[in-house]
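Residue-level structural notes
Residue-level listing of the chains:
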Amino acid sequence: MKALEQTELFAPEHEELRASVRTYVERELLPNAEDWEKAELFPREVFERMGALGFLGMKFPVEVGGSADYLADAVVTEEIARCGSGGVAACIGAHKDLASLYVGNFGSPEQHQRWLVPAIAGKLVGALGVTEPDAGSDVAGIKSTARRDGDSWILNGSKMFITNGAWADFVVVAAKTDTEIQPAHLGITLFVVDKDTPGFSARRMRMLGWRTGQTGEIFLSDARVDDSCRLGDEGSGFLAIMQNFVWERLVMALGAVSGAQRTYELAKNYALDRRAFGREVGKFQIWRHRFADMITRIEAARALTYSALRSFVEGDGAIGAAAMAKLYATELAAKVADECVQVHGGYGYMMEFPAQRALRDARLGPIGGGTSQIMREIIGRSLGL
């Protein structure tokens, strides 16, 4: 079955880009996914290759090396999600949709040249440092601090679960520059911290899924940065985070739908290849109906996500719509992956088969970028409840 197309959303040039990115994924990423998963690492050269192809700058202005097209960036996100490794897709996403986007949206022209231009080229790898051991969804509860010292700032604190954190060249860090102000979120400011800054250190964190990813914990111990590393005005960090959350949740939804589609295809192909009781497993009515349910829900998730994407590019804010898309798509991706394991039977539980990886990778979707519980709260509030 051919996926339903939203022709009013994507132009012919977007579909040409889709074909180009899919070719890249199928030739250069997917064939290496299994080896990278076993090594629990992928080459940093992937960023440079994607930068050279222009895939990391689609939504940024032309003057910094981009294409100023969020829809094109959405296409890249969808196709990278088909690379066979959640960790690879997550690292690329954290680089282009988190770290780079913060510098792009809130940085000065000088900061664009210092960090954004090389990031778009894949020469620098970025990460976003907001989450802390005691502050995940509660951004206002972060404890990291930044104290002014002349023309510099002294940063102290720690961040965890930071995608790309273990190997990032720069990290956009949220810290409190005013610990007394109320409400507390008004005291949060953003800084860009280079990895070679004295007092900055990072360690890798091992995870259930995303095993090729370089998720890390970051430590700041009297890390001194110049005031030129501050993104935006003092106290503007919380609003910046809330604004960028919309795109972060949209790309998570886009990736989840695309990933669910690929997992569905993996399950269907296996079901038509595996035989039991003299015929293909997929021909049994119970599985035929389950596949019918899967593809119906995938198409519903795609329509919901594209609707939210349309609202975003048209400037409608899309806060509630993005939350709905992220909630439904990420939970669906995990359910489709579970069905994929089930149709594989015992083989689905074996490390030699990709079904188990699809399940492990998809499970983070309902947690990262705001949990499903937080998404329901946002949706509820958008309804005036």
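Residues numbered from 1 in each chain as written. Predicted model: local features only at pLDDT ≥ 70, side-chain atom pairs only at ≥ 80, totals over all residues. Heavy atoms only, no water.

For the structure shown, the criterion picks out 16 aromatic pairs. What links up through ring pairs into an aromatic cluster is the set W36, F42, F47 and W167. Here the guanidinium or amino end of R18 rests over the ring plane of F10, the centre of that ring lying 5.3 Å away. (Phe/Tyr/Trp six-rings, centres within 6.5 Å; stacked < 30°, edge-to-face > 60°. Lys NZ or Arg CZ within 6 Å of the ring centre and 35° of its normal.)

Another point: the environment of R18. Looking at the secondary structure, you find R18 in helix α1 (residues 12-29). The sequence separation of R18 and T77 amounts to 59 residues, and the corresponding C-alpha distance is 9.8 Å. The residues touching R18, leaving out its near neighbours within four places in the chain, are F10, V75, E78, E79 and Y306. A polar contact is formed between the side chain of R18 and the side chain of E78, at a distance of 2.9 Å. (Helix = DSSP H or I, 4+ residues; strand = E, 2+ residues; numbered from the N terminus. Contact = heavy atoms within 4.5 Å. Polar contact = N/O pair within 3.5 Å; in protein donor to acceptor, adjacent residues only side chain to side chain.)

A separate point is the pattern of salt bridges. Counted under the stated rule, the structure contains 29 salt bridges. For D227, the salt bridge goes to R230, with nearest N and O atoms at 2.9 Å. Judged by its relative accessible area of 22%, D227 falls in the partly exposed class. Exposure remark for R230: the relative accessible area of 18% places this residue in the buried category. The partner of R290 in a salt bridge is E339, and the shortest N-O contact between them spans 2.6 Å. Separated by 49 residues along the polypeptide, R290 in helix α8 (residues 285-313) and E339 in helix α9 (residues 319-344) bring together distant segments of the chain. Residue classification places R290 among the partly exposed positions, given a relative accessible area of 27%. (Salt bridge = Lys/Arg side-chain N within 4 Å of Asp/Glu carboxyl O. Buried < 20%, exposed > 50% of the residue type's maximum accessible area, 1.4 Å probe, protein only.)

What is shown is where atoms sit, not what they do.
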